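Observations on the three-dimensional arrangement
The residues making up each chain are set out below.
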Amino acid sequence: MMKKLILKYGYFLGIISQLILILVLMSLLTDVNEIFRYAARFSGRFSFSLYLLSVLSFLKYYTKNQSIMFTRKVLGIFSLIHLIHFYFLATSIYLNSIPIIPYRLAGGFIAYLMIIIYPFYINKINNKILHFIYFYYVGFIMVMTYISRIKGQFKGAEPEMFHYLAITFLIITLIVFSYKIYSKK
């Protein structure tokens, strides 16, 4: 049921979810700086859940020889939501005058490019190593982002229980991913 819903309406539901997010925040908050700060936070968390779903979906494709179509769709939705997240994040950084440290952005920039490009080429990639590089690298960047949040290195984003849970889920997911991939060989 959920799989069919995602395959048929995934992009639409993704856009609607972000529209609802921004409308709810606009109805609850009056400060536009805070609206975009929270929009960036919650769109990022939704994007995180789509990344986890894409990893697990790819794992099913790889280990059980299932169709790649569902994985491709989830990755496409992840890419779309992450672009919206980037818009919210960039707007929040601008409105809240948060300083940017260019050398700390390089890894995230590469991950963003990979997130945007990979769904278009997933069907054309024959070298399995490239798939693994994508999932591990994006996961690594997410882990590093949450570690930075826990260390308090992001202005306006104090450490929360979510950051600890996210790191835990990411690490467990990547360990299971590695184990299943390795045991398949």
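Here the structure is a predicted model, which means the values were calculated and not measured.

Scanning the protein chain from terminus to terminus reveals six helices and zero strands. Ordering the α and β elements of the protein chain from the N terminus gives α-α-α-α-α-α. Taking 2.2 N^0.38 as the reference for a compact globule, 185 residues should give roughly 16 Å; the C-alpha atoms of the protein chain span a radius of gyration of 17 Å, in line with that estimate. On the principal axes, the C-alpha backbone points of the protein chain span a range of 50 × 35 × 30 Å. Here the protein chain holds 185 residues, and the buried ones make up 39% of them. The contacts of the protein chain with a sequence gap of at least 6 include a subset with a gap of at least 24, amounting to 74%. On the protein chain, roughly 11,000 Å² of surface is accessible, and the fraction owed to carbon and sulfur atoms is 71%. Positive and negative side-chain charges of the protein chain, numbering 19 and 4 respectively, have mean locations separated by a distance of 26 Å.

Where helix α1 (residues 2-28) contacts helix α2 (residues 32-64), the two axes come as close as 8 Å, and the packing angle between them is 165°. Viewed along their axes, α1 and α2 adopt a mutual orientation that is roughly antiparallel. Handedness of the α1/α2 crossing: right-handed. The residues of α2 that touch α1, namely those facing Met2, Ile6, Ser17, Gln18, Leu21, Ile22, Leu25 and Met26, are Ile35, Phe36, Tyr38, Ala39, Phe42, Ser43, Phe46 and Leu53. In the contact of α1 with α2, the residues fall into 13 nonpolar, three polar and no charged.

Once that is clear, we can look at the pattern of salt bridges. Side-chain pairs of opposite charge can arise whenever the charged atoms involved come near each other. Counting across every chain of the model gives three salt bridges. Note that glutamate 34 is salt-bridged to arginine 37, the shortest N-O span being 2.6 Å. You can see glutamate 34 and its partner arginine 37 sitting in helix α2, three residues apart, about one turn around the helix. For glutamate 34, a relative accessible area of 21% puts it in the partly exposed group. The residue arginine 41 makes a salt bridge to glutamate 160 at a minimum N-O spacing of 3.1 Å. Of this pair, arginine 41 sits in helix α2 while glutamate 160 sits in the loop between α5 (128-150) and α6 (161-184), and the two are 119 residues apart along the sequence. On the basis of relative accessible area, arginine 41 is assigned to the buried category, the value being 18%. A residue is classified by how much of its surface remains accessible, and glutamate 160, at 26% relative accessible area, is partly exposed. Several salt bridges share partner residues, and in doing so they unite Arg41, Arg45 and Glu160 into one network.

Rules and cut-offs
Residues numbered from 1 in each chain as written. Predicted model: local features only at pLDDT ≥ 70, side-chain atom pairs only at ≥ 80, totals over all residues. Heavy atoms only, no water. Helix = DSSP H or I, 4+ residues; strand = E, 2+ residues; numbered from the N terminus. Rg over C-alpha atoms; globule rule 2.2 N^0.38 Å. Buried < 20%, exposed > 50% of the residue type's maximum accessible area, 1.4 Å probe, protein only. Contact = heavy atoms within 4.5 Å. Areas by Shrake-Rupley, 256 points an atom, 1.4 Å probe, with all protein chains shown as cover. Lys, Arg positive; Asp, Glu negative; His and termini not counted. Charge placed at Lys NZ, Arg CZ, Asp CG, Glu CD. Axes fitted to C-alpha atoms, helices over the stretch in contact; angles between N-to-C directions. Parallel < 35°, antiparallel > 145°, perpendicular 65-115°, else oblique. Left-handed = near helix turned anticlockwise from the far one by under 90°. Nonpolar A, V, L, I, M, F, W, Y, C, P; charged D, E, K, R; others polar. Salt bridge = Lys/Arg side-chain N within 4 Å of Asp/Glu carboxyl O.

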